Structure formats: structure tokens, C-alpha cells
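Residues per chain are reported as follows:
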Amino acid sequence: MWQLRTIDNPSGAALWFSDGQPLTAMRGGSGASSRLIVDGLGFLDITDFQNGFPNGPVMDLVDCNGVSLDYTPNPSVQLDLSLSADARFAVTAVGSGQSGAGALKPLPAIDPADAAYLEAMIAQKYVPYQDIPDAPGKSTAEIRALGERLFPFTPYSFQLAMSIYDWTTASFTRLVLMKIFGYTAMGHSPPPLDQPSIADAIWESNWNTYNPQNPDYMRSFLMVPADSLQSVQTQLAAVAIQLQRFSDVENRLLAAGFQAMPRTSIVDQAQLFSGQVDIYQLGTEHFGIEFLQCPLNAGPATVPLQIPLQQALDDYIQPGDTLTTKMVWSFGSTYDEALQYQNGIVLIANPPPGAWVWDAASYITPLSDGPDKIEYTFAPGTSFLVQSVEWSQDSKGNPLCVITLQVLPG
């Protein structure tokens, strides 16, 4: 456990902890990480490693953005913290003589135009997803209050919170499709879209009420209910440019929100797991197109964005290869959960060597539409090292490809 005894803050920057508790509250516990927000300057993640790491020496230490202070064998430690206007800090463990200095993690950049655009989409009820049959959801007031607590450093706290909340609803399908079906290496901004494949994926959805006859499902794509694939194709052609902008704006706000969320320690969560491809109407042939390394991204746009899994494995998903995501990637906390969502592929993610917290992954359950939906997210553009590719079987005896990845430092 740890507690801030003094805070020297000559710049006068406002300070908050993302848990909403007083600055000098006692915090910590084995693996617990708390985020101090320094207005206009950055974040300080203070992570308690009480009793050390699993299978390691018995020791108690607290880490502050990579600055580690050992407080063994005491049950707790008090810290004196000094903040400077150049986004650096110094910290001392009271009574131990241990001290260190480091840099704050940067605040995210948020475009006011993006925030205004999302606000307009909220006013028109395109955000959030309007009818969620399988989760309790959150009210606008709840989302706003969470935004003010988690993102007090920005006037756009509500928009950041709402974008993350919307991702946890069925809106994630829109955000995934509009990213993975983009020809990202053709030198155009925004990239051309594989509209036939997007239309097929919208039309073939048949999960619960998420189908092309449902008004809320189709509204999430800026469309109205359709009774044929041709109707979806025609509507998509009319709204594709607007739909792509909608996706791009929300993805940028998501990335900013993810960056600002408090972190999870590697003791609390040593690995993350994801079942792929997790939109059931997509298949393993759509896994390889999730990455910037897919050669099909270079077009031509007449070639559908799909690649046989084995070809992707042979060409650019080998141990030692680097993969960079085109879309938000969601992970859970257990292998068994990943098996429930897998469609032939399970991913295992490891943190970078020497990491104390999951800097690239954000634990977004506090903003989820379902309180029991354990979810960690990686922003588009996150890079991973392929560590291993192995074949197994699922419970039905079907082939299962297990890919282990290590997050590369940003």
C-alpha cells in the first residue's frame, strides 16, 4: 500500500486521481495501479507490487512510470512527489532514502472538430446504439459522470466516454468493418473501401436483433432496414463517404480515450486473450486483412479484401514478424473466454519485456454497456511481434490456430 504524503506542484496544475478519491488517500494493494492526472502535462501511473511478482522473490515495491521504490518489509510506504512544468516528476519513499525521477506520460490530443462531430451524431441518435437487448446499458448522465471523473483534463470528457461506451455496444461492428475493409496502402486518404464485402457483412448479420431488418442495427450504418443485399449495396453506396468519416472520427476519439484510461498492471493481468474472428459472419479469410502488413491493402480495389488464413500465416504472420492493427482490437482476461468467441483463431497477448503496466491496452469495463463485460482494447495502429503460431483443436474437434503476440513499445 502507498500514500502521497506531500505534493510539490509549483506550476499550480490541477491534479486528480482517476478513481475520484482524494489525492492523499491510501491506495494500492497487490497489482493495483492508480493514475494521477496532471492538468495540461500528463499522467503518472503509480502501481503497487505488494508481495512482488508471481514465482518471484517476496518483496514490496511501488512503481511510478518506471521509477521503482522498494518498501520491503514495511506494510506500506509514504511518498513525497514533486512535479515540474516540463512534464517531469521526482518521487521519494519517505524513510527509506530511495528516490528517482522520470517523465509523465503524455495527454492525448483531441481535435475539437471530432468532438463536435460526435456531439452532432449523439444529438441525431446515431450514437450510442439505440436499443441494446443483451446488456443493461448506461444512461447519458452516467456516461457523462464517468467522463468527468476519468478525463477531467479535457472539455471533451463526455465525448471520450461516449465513444468508448458506444464501442462496447453493437456499434463495434460498424467500426470494425469500416477499418478492415479499407485499402490502406493505395496512397489515398481516406483509403478506398471494399464496399461489396462491407455490404455482404452487413446483410449476412443474423445475431439476436442485429440483422438488416432491424431499424436500430441499420441505423448504426446510417441506413434503413433492407430486404435484399441489393438494397444494402445501394444504401451503402449513398452513405459510404459519410460512414467512413463517422468511423474515422469515432476511432480517433476511441484512441484518445483509451490512452487516457487508467492502466492495469501485469501482475493483475499477466496475459490477454482474444477469440478471432469475433464478428460471426466473417471467417478466417478475413483475419489477415486486419493488419497493415496485408499485401491486399495495396489494391487494386477490384480485388476483395480476403486472404486464406494459411496464406497469411505463410506470408506475414510468422514468428519474428511485426503486425500492426488497422482496427480496435478487443481482448478478455481468460483463455476460456476467448474460446467462446473464437471462429478458428485464438490470440494470446504478452506485454513488452520489463513492462510494469499494460501501456498499450486499456481496461474499459468501467465504461461498458455491461458491468460484467471484461474488456481490454488496443487502439488502431498498435504493433505486435509474432512470438509463436501453433495449431490445436477446439472442443468440437475443429482446427484452432493459436497465435502468441508481444506488444511492441509505442
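Predicted, not measured: the structure shown is a model, and the values here were computed from it.

Draft legend 1. Structural context of the overall build of the chain. Scanning the chain from terminus to terminus reveals 9 helices and 17 strands. Overall, the C-alpha framework of the chain stretches about 70 × 50 × 40 Å when taken along its three principal axes. When contacts within the chain are restricted to residue pairs at least 6 apart in sequence, those whose partners lie at least 24 apart make up 64%. For the chain, the exposed area adds up to about 16,600 Å²; of that, 52% sits on carbon and sulfur atoms. Taken as two groups, the 18 positive and 40 negative side-chain charges of the chain have centres that lie 7 Å from each other.

Draft legend 2. Fine view of empty space enclosed by the protein. Evaluation of the coordinates by the stated rule reveals 2 cavities of 30 Å³ or more. Its volume calculated, the largest cavity comes out at about 40 Å³. Lining of the largest cavity is provided by K125, Y126, P128, Y129, Q130, D216, R219 and S220. By volume, the second largest cavity is sized at about 30 Å³.

Draft legend 3. Layout of the side chain of D166. Residue placement: D166 occurs in helix α3 (residues 157-167). A distance of 2.8 Å separates the side chain of D166 from the side chain of S171, its partner in a polar contact. With near-sequence residues (within four places) excluded, D166 lies in contact with V127, P128, Y129, S171, F172, R174 and E250.

Draft legend 4. Region of interest: the sheet that holds strand β15 (residues 376-378). Strands sit in the order β12-β15-β14 across an open sheet of 3 strands; the sheet is antiparallel. Only two strands of the sheet have a single neighbouring strand rather than two, namely β12 (329-331) and β14 (361-363). The sheet shows a mean angle of 30° between the axes of neighbouring strands, taken without regard to direction.

Draft legend 5. Spatial organisation of the state of the cysteines. Inspection of the entire model under this criterion finds 0 disulfides. The thiol sulfur of C294 is not disulfide-bonded, and the nearest other cysteine sulfur, from C401, lies at 16 Å. The class of C294 is buried, set by a relative accessible area of 3%.

Draft legend 6. Examining the packing of aromatic side chains more closely. Evaluation of the coordinates by the stated rule reveals 17 aromatic pairs. With a centroid separation of 5.3 Å and 70° between ring planes, the pair formed by Y217 and F221 is classed as edge-to-face. This pair shows no difference in class: Y217 is buried, exactly as F221 is. Note on F291 and W329: the rings are 5.5 Å apart at their centroids and 85° apart in plane angle, and the pair reads as edge-to-face. Residue F291 is found in the loop between β10 (272-276) and α8 (309-316), and its partner W329 is found in strand β12; the two are separated by 38 residues along the sequence.

Draft legend 7. Representation of the sheet that holds strand β9 (residues 99-103) within the structure. Overall, mixed pairing links the 4 strands, which are arranged β1-β7-β8-β9 in an open sheet. Strands at the two margins of the open sheet, each flanked by one partner only, are β1 (2-8) and β9. The average angle at which neighbouring strand axes cross in this sheet is 25°, direction not considered. Where strand β8 (residues 88-93) lies against β9, 5 bridges are found, and the strand directions are antiparallel. Counted as the bridge partner of A90 is A101 from β9.

Draft legend 8. Representation of the environment of T404. Relative to the helices and strands, T404 resides in strand β17 (residues 399-407). Taking the C-alpha atoms as reference, T404 lies 5.4 Å from Q387; in sequence the two are 17 residues apart. Residues within four places of T404 in sequence aside, it is in contact with I348, N350, L385, V386, Q387 and S388.

Draft legend 9. Spatial organisation of the layout of surface pockets. Considered as a void within the structure, the largest pocket measures approximately 920 Å³ in volume. Forming the walls of the largest pocket are 37 residues, and the residues nearest its centre are F172, W207, D278, Y341 and K373. Contributions of two or more residues to the lining of the largest pocket are made by α4 (172-180), β10, β12 and α9 (335-341). When residues of the lining of the largest pocket are assigned to their parent elements, the largest contribution, 4 residues, is made by α9. By residue class, the composition of the lining of the largest pocket is 17 nonpolar, 13 polar and 7 charged. The volume enclosed by the second largest pocket comes to roughly 790 Å³. Every element with two or more residues in the lining of the second largest pocket is listed here: β4 (42-49), α7 (229-260) and β15. Looking at the lining of the second largest pocket, the element that brings in the most residues is α7, giving 4 residues. Looking at the lining of the second largest pocket residue by residue, the class counts come to 17 nonpolar, 10 polar and 6 charged.

What counts, and where the lines are drawn
- Residues numbered from 1 in each chain as written.
- Predicted model: local features only at pLDDT ≥ 70, side-chain atom pairs only at ≥ 80, totals over all residues.
- Heavy atoms only, no water.
- Helix = DSSP H or I, 4+ residues; strand = E, 2+ residues; numbered from the N terminus.
- Contact = heavy atoms within 4.5 Å.
- Areas by Shrake-Rupley, 256 points an atom, 1.4 Å probe, with all protein chains shown as cover.
- Lys, Arg positive; Asp, Glu negative; His and termini not counted.
- Charge placed at Lys NZ, Arg CZ, Asp CG, Glu CD.
- 1 Å grid on protein atoms, 1.4 Å probe; cavity = no way out; pocket = protein on both sides within 12 Å on 5 of 7 lines; lining within 4 Å.
- Points joined across faces, edges and corners; volume = space filled by probe spheres on them.
- Polar contact = N/O pair within 3.5 Å; in protein donor to acceptor, adjacent residues only side chain to side chain.
- Pairing = 2+ DSSP bridges.
- Axes fitted to C-alpha atoms, helices over the stretch in contact; angles between N-to-C directions.
- Disulfide = S-S within 2.5 Å.
- Buried < 20%, exposed > 50% of the residue type's maximum accessible area, 1.4 Å probe, protein only.
- Phe/Tyr/Trp six-rings, centres within 6.5 Å; stacked < 30°, edge-to-face > 60°.
- Nonpolar A, V, L, I, M, F, W, Y, C, P; charged D, E, K, R; others polar.

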